[in-house]
Amino acid sequence: MIVITAPTSTIGRHLVTDLLDLGAALRLVARDPSRIAPGIRERVEIVVGSHRDAAVIDRACDGARAVFWLAPGDGAEPSPEAAFVDFTRPACEAFVRHGVERVVGISALGRGTPMATRAGLVTASLAMDDLIAASGVAYRAVVCPSFMHNLLRHVRAIKEQGRFFLMSDPELKVPTVATRDIAATAARLLLDDGWKGSGEVACLGPEDLSPTEMAEIISDVLGTEVGYQQIPGAALKDRLMGFGTTAPMAQAMVDMFDAKNQGMDNAAPRTAESTTPTTFRQWCEEVLKPAVAA
């Protein structure tokens, strides 16, 4: 039995489908089971509730051999430590109590870099990894740069203003990754009982691109001019807080992008294993273009 947390997330949806296609027995932890497609619901077990809740994650881990762990990093949390480390503590206790053999979690690039201790959400994610590893369970953190999927938050700006807005250095080439490729990596690890101990597996996409280059690809795919505009950290923080993000979580987002602009995501070596297949152009054609057209 494999437990999947956040099964309706952008990674979780792909992961559930991948594992079911491979014949895995799944138990999904979901606050709102109605968000799970009917064709999926009839093929899995469901534990209703938040995976932050000690009783919920305890029920989910009973009899489980492996767990997929994703802390959502909710912007309403009082701090990044609460959002990642405190959120995960009940799960670590459940892993040990029920003898879970292996856990695969979603985390961030940056371990071992000078920026790792001042990178906001990334710093908290790495602390979460340390907490899980310290429980004694075999653990692999799937460490990622920014997701291509995040650009879907900019669909309205692309349609109405012909541009997208980030804190990222416009000329800094960095990796980006498709969530379906992250899910494929997680599925492989969850089904492989040959690894032990703790470690990281990077998902870097197939290429490094700057935001300026991404804008050029988006323009080509959409057939209309789309530009990129860098925004200052203070503006991003104000915008996030306007959407209900707490001040500490908004500042943690700013700190993360500051660290990325200093090269944090470029520190992991690109290898055959860390190079995932979906190109940014392919993602734009298959995901972004239909979203903009909708």
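Structure: above.
Report on the accompanying structure. Bear in mind that the values here come from a model prediction, so they are computed numbers and not experimental data.

**What to know about the overall build of the chain**
Stage number 1. Within the chain one finds eleven helices and twelve strands.
Stage number 2. Here the C-alpha radius of gyration of the chain, 19 Å, is about what a compact globule of 294 residues would show, namely 19 Å.
Stage number 3. The principal-axis extents of the C-alpha atoms in the chain amount to approximately 55 × 40 × 40 Å.
Stage number 4. Classification of the 294 residues of the chain by burial places 51% in the buried group.

**Brief notes about helix α1 (residues 12-21)**
Stage number 1. The complete set of buried residues in α1 reads Gly 12, Leu 15, Val 16, Leu 19 and Leu 20. The arc that holds the buried residues of α1, viewed along the axis, is 125°, so those residues lie on one side.
Stage number 2. Of the residues one or two after α1, Gly 23 is the one with positive phi, at around 85°.

**Observations concerning the sheet that holds strand β6 (residues 138-144)**
Stage number 1. The strand order across the open sheet built from seven strands is β3-β2-β1-β4-β5-β6-β10, with neighbouring strands paired in parallel fashion. Unpaired on one side and paired on the other, β3 (45-48) and β10 (198-202) mark the two borders of the sheet. Recorded for the sheet is a direction-independent mean angle of 20° between the axes of neighbouring strands.
Stage number 2. Relative to strand β2 (residues 26-30), strand β1 (residues 2-5) runs parallel, the two being bridged by four bridges. The residue of β2 that forms the bridge with Val 3 is Arg 27.
Stage number 3. Taken strand by strand, helix α4 (residues 80-97) contacts β4 (66-69) and β5 (102-108), and its axis lies near 175° from that of β4.

Reading the values: rules and limits
- Residues numbered from 1 in each chain as written.
- Predicted model: local features only at pLDDT ≥ 70, side-chain atom pairs only at ≥ 80, totals over all residues.
- Heavy atoms only, no water.
- Helix = DSSP H or I, 4+ residues; strand = E, 2+ residues; numbered from the N terminus.
- Rg over C-alpha atoms; globule rule 2.2 N^0.38 Å.
- Buried < 20%, exposed > 50% of the residue type's maximum accessible area, 1.4 Å probe, protein only.
- Arc of directions from axis to C-beta.
- Pairing = 2+ DSSP bridges.
- Axes fitted to C-alpha atoms, helices over the stretch in contact; angles between N-to-C directions.
- Contact = heavy atoms within 4.5 Å.

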